[in-house]
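Listed below, chain by chain, are the residues.
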Amino acid sequence: METRMDYMKVRPESLQALLKLEGYVNKSTIDKTILELVKTRASQINGCAFCLDMHTKDARAMGETEQRLYLLNAWREAPFYTDAERAALALTEAVTKISEGGVSAELYEHVRKHFDEGQFVDLLMAINAINAWNRMAISTTMVPGAYQPAAHK
């Protein structure tokens, strides 16, 4: 497998735009564990190997368990996730697969039980950011495997 193109070299401003969005997400009030679960789950849905490699490594470096990462695609049946994590994961799935029914009123109310309005917006921004990263990585065939979390470089 080879990368089709290095979009970061072709259009560096595209990377800067994504990094600005990512910077916003990283400064949000959303728990960092939830952010990594959201990034990993959206990447599973989208089939983005590069982002799955990155975000599972980041999650592990933060102390996430292998068990929770292995069972993330079956989070509804696994007892290892908090109610807030479940709400964030449900929103992640709905927004990532937006054309399959959108975000229902019931889901909105469920998520709002765990996240205030500002946090809801922050979750949406995080979900949109990882979906954008996934689409760039998949479309340019970014090759997984080499990424190492900052703490392990």
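Check the entry above for the structure.
We now turn to the structure provided with this report. (Residues numbered from 1 in each chain as written. Predicted model: local features only at pLDDT ≥ 70, side-chain atom pairs only at ≥ 80, totals over all residues. Heavy atoms only, no water.)

### Looking at the pattern of salt bridges
Here is step 1 of the chain: A complete count under the given rule lists 9 salt bridges for this structure.
Here is step 2 of the chain: Put simply, Glu-22 and Lys-39 hold a salt bridge, and the shortest N to O gap is 2.7 Å. Placement of Glu-22 in helix H2 (residues 12-26) and of Lys-39 in helix H3 (residues 32-46) is noted, with a sequence separation of 17 residues between them.
Here is step 3 of the chain: Residue classification places Glu-22 among the buried positions, given a relative accessible area of 14%.
Here is step 4 of the chain: What emerges from the salt-bridge pattern is a single network uniting Glu-22, Glu-36 and Lys-39. (Salt bridge = Lys/Arg side-chain N within 4 Å of Asp/Glu carboxyl O. Helix = DSSP H or I, 4+ residues; strand = E, 2+ residues; numbered from the N terminus. Buried < 20%, exposed > 50% of the residue type's maximum accessible area, 1.4 Å probe, protein only.)

### Concerning the environment of Met-125
Here is step 1 of the chain: Mapped onto the secondary structure, Met-125 falls in helix H8 (residues 117-139).
Here is step 2 of the chain: Residue classification places Met-125 among the partly exposed residues on the basis of a relative accessible area of 29%.
Here is step 3 of the chain: Residues Met-125 and Ser-99 lie 26 residues apart in sequence; the distance between their C-alpha atoms is 18 Å.
Here is step 4 of the chain: Non-local contacts of Met-125, meaning those with residues more than four positions away in its chain, are made with Leu-21, Tyr-24 and Val-25. (Contact = heavy atoms within 4.5 Å.)

### Some remarks on the nonpolar core
Here is step 1 of the chain: Ile-34, Leu-91, Val-111, Phe-115 and Leu-123 are the most contacted members of the largest nonpolar core, which totals 26 residues.
Here is step 2 of the chain: Residue assignment for this core shows that the elements contributing at least two residues are H3, helix H6 (83-96), helix H7 (105-112) and H8.
Here is step 3 of the chain: In terms of residues, this core owes the most to one element, H6, which gives 8 residues.
Here is step 4 of the chain: For Leu-123, the residues in contact, after removing those within four places along its chain, are Ile-30, Ile-34, Val-38, Ala-88, Leu-91, Val-111 and Phe-115.
Here is step 5 of the chain: Tyr-7, Ala-42, Trp-133 and Ala-137 belong to the second-largest nonpolar core, a separate cluster that totals 12 residues. (Core = buried A, V, L, I, M, F, W, Y, C linked by side-chain atoms within 4.5 Å.)

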